Amino acid sequence: MRREFDTRTRRALVVRGGQDGHDPVGCTEVFRPCLEREGFEVSVSEDLAVYDDSDLLAATDLVVHSWSGGELSPSQEANLVAAVKAGTGFAGWHGGVIGTNVRNADYLRMVGGRLLWQRDGFQEFTVRIVAMPDRDGVITEGIEDYDVVTEHYWVLTDAHNSVLATSVLVPETADAWDVPVEFPVVWTRRWGAGRIFVCTLGHRVADLQVPQTATMVGRGLKWAART
């Protein structure tokens, strides 16, 4: 039997869990008030089995995924990707969105990136804002380059992303590569009718409370949601 949902209020689903080191509860709670202020009815699941409910996903306007080291079942992956293709927004940050579901090729293709490597510990680096006023630039409007101290992700991505911020990994003396490499830090992506927002920052609550990062993520969640 098909489930009926109230379509008058926009719905956000926060799916959180996985590695405790990424504090999925604390990090998602940073943005829950933001979503509620925007008028979303926010529900939380701490079980990936929520993706088995295709009716719920179809009635959801935004999925915030914060589950590091997870793996979706074939049906969960199919339901989630189908919902996004049909217009459900999808957003997340750091390992909770690109350091997870590494065996789920359709999920990774939808998200547009995957964590490949990082140096041990926290690194100091500059987040470089990419001027893109006619392509989702509202997310970074008014934000200038800024420095952070956190994990620095080397990611695999593709040209279907609209990159809104980058950072540069500089080789150390004994490293195998010998030139600096620029990687995306923030991007948006379309997948069917759905919008996707990804930020590679966000290892801990303090990272998401950096004003520039908090602003981009807050705007990115709002941008990704079905309108």
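Up top is the structure.
The structure contained in this document is the topic of the report that follows. It should be emphasised that the depicted structure is a prediction, and the values quoted were computed from it without experimental measurement. (Residues numbered from 1 in each chain as written. Predicted model: local features only at pLDDT ≥ 70, side-chain atom pairs only at ≥ 80, totals over all residues. Heavy atoms only, no water.)

Attention shifts here to the nonpolar core. If you look at the biggest cluster of nonpolar residues, it comprises 32 residues, and the most contacted ones within it are Leu62, Val127 and Phe197. When residues of this core are assigned to their parent elements, the largest contribution, five residues, is made by helix H7 (residues 211-224). If you look at the next biggest cluster of nonpolar residues, it comprises 31 residues, including Met110, Tyr153, Val155 and Phe183. (Core = buried A, V, L, I, M, F, W, Y, C linked by side-chain atoms within 4.5 Å. Buried < 20%, exposed > 50% of the residue type's maximum accessible area, 1.4 Å probe, protein only. Helix = DSSP H or I, 4+ residues; strand = E, 2+ residues; numbered from the N terminus.)

Let us now look at the packing of aromatic side chains. According to the stated counting rule, one finds six aromatic pairs in the structure shown. Relative to Tyr107, the ring of Phe90 lies with its centre 5.9 Å away and its plane at 80°, an arrangement referred to as edge-to-face. Here the residue Phe90 occupies a position in strand S4 (residues 89-93), and Tyr107 occupies one in helix H5 (residues 105-111), the gap between them amounting to 17 residues. For the ring pair Trp117 and Trp177, a centre distance of 6.0 Å and an interplane angle of 85° mean the geometry is edge-to-face. In this pair, Trp117 sits in strand S5 (residues 113-118) while Trp177 sits in the loop between strand S9 (162-169) and strand S10 (181-191), placing the two residues 60 residues apart along the sequence. (Phe/Tyr/Trp six-rings, centres within 6.5 Å; stacked < 30°, edge-to-face > 60°.)

Our next topic: a negative patch on the surface. Together, Glu124, Glu144, Asp145 and Asp147 make up a region of like negative charge exposed at the surface. Following the sequence through the fold, Glu144 ends up in the loop between strand S6 (123-129) and strand S7 (146-150). (Patch = residues over 30% accessible without salt bridge, like charges linked within 9 Å, V, L, I, M, F, W, Y side chains within 5 Å. Areas by Shrake-Rupley, 256 points an atom, 1.4 Å probe, with all protein chains shown as cover. Salt bridge = Lys/Arg side-chain N within 4 Å of Asp/Glu carboxyl O. Lys, Arg positive; Asp, Glu negative; His and termini not counted. Charge placed at Lys NZ, Arg CZ, Asp CG, Glu CD.)

This part is about the pattern of salt bridges. On inspection of all chains with the given rule, the structure shows 12 salt bridges. Residues Arg16 and Glu46 are paired through a salt bridge, measuring 3.1 Å at the closest nitrogen-oxygen approach. With Arg16 in strand S1 (residues 11-18) and Glu46 in the loop between strand S2 (41-45) and helix H2 (54-58), this residue pair connects regions lying 30 residues apart in the sequence. We classify Arg16 as buried; its relative accessible area is 8%.

Turning our attention to the side chain of Arg11. By secondary structure assignment, the location of Arg11 is in strand S1. Polar contacts involving the side chain of Arg11 include one to the side chain of Glu41, which spans 3.3 Å. (Polar contact = N/O pair within 3.5 Å; in protein donor to acceptor, adjacent residues only side chain to side chain.)

Turning our eyes to something else, we now look at the packing of helix H1 (residues 24-37) against H7. Running from N to C, H1 and H7 point in directions that differ by 50°, and their axes come no closer than 10 Å. One finds that H1 runs oblique with respect to H7. Remark: the crossing between H1 and H7 carries right-handed chirality. Facing H1, whose interface residues are Phe31, Cys34 and Leu35, H7 presents Ala214, Val217, Gly218 and Leu221. Here the contact of H1 with H7 is composed, by residue class, of six nonpolar, one polar and no charged. (Axes fitted to C-alpha atoms, helices over the stretch in contact; angles between N-to-C directions. Parallel < 35°, antiparallel > 145°, perpendicular 65-115°, else oblique. Left-handed = near helix turned anticlockwise from the far one by under 90°. Contact = heavy atoms within 4.5 Å. Nonpolar A, V, L, I, M, F, W, Y, C, P; charged D, E, K, R; others polar.)

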